[in-house]
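Summary of the model geometry
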Amino acid sequence: LHSVGWTALNPPYLNHPKKFAVPLEQLEPRLREELTALLKWKQVEFALHRPKKARIRAITAQRLQYTFTQLAGFAISVLGLRLTCLADLIQEAIVGAYFEWAINERRVKGASLLGRFGALYAALRYHPSYRNWDYSWLVSLMRGLPIEDETERKKRKALKFLDYETIESIPNKMKQERERRIRQTNRNDWRIAHLAKEEFIFRWFSVLPWRQRNLRECRLSGPSPNLFKAKIPPFAQLDKPSWVVEEEARNPEAEFWLISFTPTEVKTKMAIDLILPKQLVWPLEQYLAEVRPHLLNGRKADTLFVNRNGQPMRGDQVGAVIGTWSLRYFAVRTTPHLIRDSVACAFLKSHPRDYLNLSKLLWHRNIQTTIRIYGSGFNESSGVLAMESWLDERETEKRNKQ
């Protein structure tokens, strides 16, 4: 490391001062009350003058709150200003200085700032108390943010990408590791149980490439579980695989593992209802019977997966599961979201241009989203290849007719 000069380099976050955001409860009373009211207005089921699609989920409200408190913390801690109300905070000089500082000093990506302050702008522009403000300067500042070139973004993303065949092999490698530990004389049953949990998480993502929040918040119990075993209602509009149809023919009272999410639980605000794929049925039942009780150790929890304290897993903990094991076996620290890309690319290789089914697998509300993200993998060379294949098929048909 010394010979190549790496010891002189620090990850950017090590050079940053302590967190600068000021917690909401520590802001001036009026500013705190205004922010609290604004966030509540964005989340209630109906609000006058708020566009129908402008309602946000609780997690989105948390991120929006953090954007406000970061901006306020910068104004207070870095600029030395005193803020008493929202009008003191949303100023061109403050936001502009924050953009400069965030990009030049903290190396924040322009696209990140654009997304966060786009949400801030959307929250203010329709609220009755702030919709008459002049936001032209904010729009101008956001348009001037440097956005990383798409080619560079793809190169950076490619460094963490693993093809689907590789992703698919990792749970089996983890299983071999777990079995090896089971055979040890000084075996650690607690660690083996957590390894089994992490193996199942990896396997789940390779079959159902969900957004990680839906997996870690998936509930087995409580008033409205997301994962449950029940008879399929006769009115349910579910596509049934052949093994389900055959089982129902043998036993009309047969129960299956079903998954259900309400629109408020899904990022794209879709109602999700589906049958658990057979590739996950046995691993799930084994996990519930042999592993999860050991993890809980007498504690109660509604979520399918729990951390070492018996609590629902956090996003960084799920990311660590995926990153740690991919790094261990293939020297690439991939992410749950990049597994979605791996699945999508492999799916399209086997089902060219089948964007409709892919969009349903990824829970995209609009098929155009799927085409925009994954259609870029097809370019002019793809068109030529399709033409060549088509001509070959025509030649084969002509020879068969002769």
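Reference entry: report on the structure contained in this document.

The rules behind these values
Residues numbered from 1 in each chain as written. Predicted model: local features only at pLDDT ≥ 70, side-chain atom pairs only at ≥ 80, totals over all residues. Heavy atoms only, no water. Helix = DSSP H or I, 4+ residues; strand = E, 2+ residues; numbered from the N terminus. Buried < 20%, exposed > 50% of the residue type's maximum accessible area, 1.4 Å probe, protein only. Contact = heavy atoms within 4.5 Å. Lys, Arg positive; Asp, Glu negative; His and termini not counted. Charge placed at Lys NZ, Arg CZ, Asp CG, Glu CD. Pairing = 2+ DSSP bridges. Axes fitted to C-alpha atoms, helices over the stretch in contact; angles between N-to-C directions. Polar contact = N/O pair within 3.5 Å; in protein donor to acceptor, adjacent residues only side chain to side chain. Phe/Tyr/Trp six-rings, centres within 6.5 Å; stacked < 30°, edge-to-face > 60°. Expected span 1.5 Å × (residues − 1). Arc of directions from axis to C-beta. Core = buried A, V, L, I, M, F, W, Y, C linked by side-chain atoms within 4.5 Å. Salt bridge = Lys/Arg side-chain N within 4 Å of Asp/Glu carboxyl O.

1. Things to note about the overall build of the protein
- A count of helices and strands for the protein gives 17 helices and 3 strands.
- Seen along its three principal axes, the alpha-carbon backbone of the protein occupies a region of about 75 × 70 × 65 Å.
- Per-residue burial over the protein gives 39% buried out of 402 residues.
- A fraction of 63% describes how many contacts in the protein between residues 6 or more apart in sequence connect residues 24 or more apart.
- Averaging the locations of the 64 positively and 43 negatively charged side chains of the protein gives two centres separated by 4 Å.

2. Quick word on the sheet that holds strand β1 (residues 227-230)
- Pairing is antiparallel in the open sheet, where 3 strands are placed in the order β1-β2-β3. Strand pairing shows two members of the sheet lacking a second neighbour, β1 and β3 (272-275), which therefore form its edges. On average, adjacent strands in this sheet sit at an angle of 30° to one another, irrespective of strand direction.
- Each of β1 and β2 (256-261) is contacted by helix α12 (residues 278-296), which is oriented at about 90° to β2, the strand it contacts most.

3. Focus: the side chain of Thr334
- Here Thr334 lies in the loop between α13 (315-330) and α14 (336-350).
- Among the residues examined, Thr334 registers a relative accessible area of 2% and is labelled buried.
- In terms of polar contacts, Thr334 uses its side chain to reach the backbone carbonyl oxygen of Lys160, at 2.8 Å.
- The contact partners of Thr334, leaving out residues within four places of it in the chain, are Lys160, Leu162, Ile167, Ile322, Gly323 and Ser326.

4. Here's the deal with the pairing of β2
- When you tally the buried positions in β2, you get 5 out of 6 residues, the bulk of the element.
- Note: β1 against β2, 4 bridges, orientation antiparallel. By the bridge assignment, Phe228 is partnered in β2 with Leu258.
- Relative to β3, β2 runs antiparallel, the two sharing 4 bridges. Looking at the pairing, Ile259 lines up with Leu274 of β3.

5. Examining the packing of aromatic side chains
- A complete count under the given rule lists 20 aromatic pairs for this structure.
- The interplanar angle of 70° and the centroid separation of 5.0 Å between the aromatic rings of Tyr130 and Trp133 together place this pair among those described as edge-to-face.
- With 5.3 Å between their ring centres and 75° between their planes, Trp204 and Trp210 make a pair best called edge-to-face. This pair shows no difference in class: Trp204 is buried, exactly as Trp210 is.
- Among the aromatic residues, those joined into a ring-pair cluster are Phe200, Trp204, Trp210, Phe261, Tyr287, Phe305 and Trp363.

6. A look at helix α5 (residues 110-125)
- Between the first and last C-alpha of α5 there are 22 Å, a value that for 16 residues agrees with the 22 Å anticipated at 1.5 Å per step.
- Every buried residue belonging to α5 is among Gly110, Leu113, Phe117, Leu120, Tyr121, Ala123 and Leu124, and all of these are buried. Each buried residue of α5 sits inside an arc of 160° when the element is viewed along its axis, so together they form one side.
- Looking at the buried positions of α5, the neighbouring elements they touch are α1 (29-43), α2 (58-78), α3 (86-89), α4 (92-104) and α6 (136-143).

7. Topic: the nonpolar core
- Residues Trp204, Leu227, Ile259 and Leu276 are the most contacted members of the largest nonpolar core, which totals 47 residues.
- Top contributing element to this core by residue count: helix α9 (residues 189-207), with 8 residues.
- Aside from chain neighbours lying at most four places away, what touches Leu227 is Trp204, Cys218, Arg219, Leu220, Trp257, Leu258, Ile259, Leu284 and Leu304.
- In this structure, Phe20, Leu86, Ala123 and Leu124 belong to the second largest nonpolar core, which totals 42 residues.

8. Thoughts on the pattern of salt bridges
- For the structure shown, the criterion picks out 17 salt bridges.
- The closest approach of N and O atoms between Glu148 and Arg156, which form a salt bridge, is 2.4 Å.
- Here Glu265 makes a salt bridge to Arg219, at a shortest N to O gap of 2.7 Å. With Glu265 in the loop between β2 and β3 and Arg219 in the loop between α10 (212-216) and β1, this residue pair connects regions lying 46 residues apart in the sequence.

Everything listed here is a matter of coordinates, which is why it stays silent on function.
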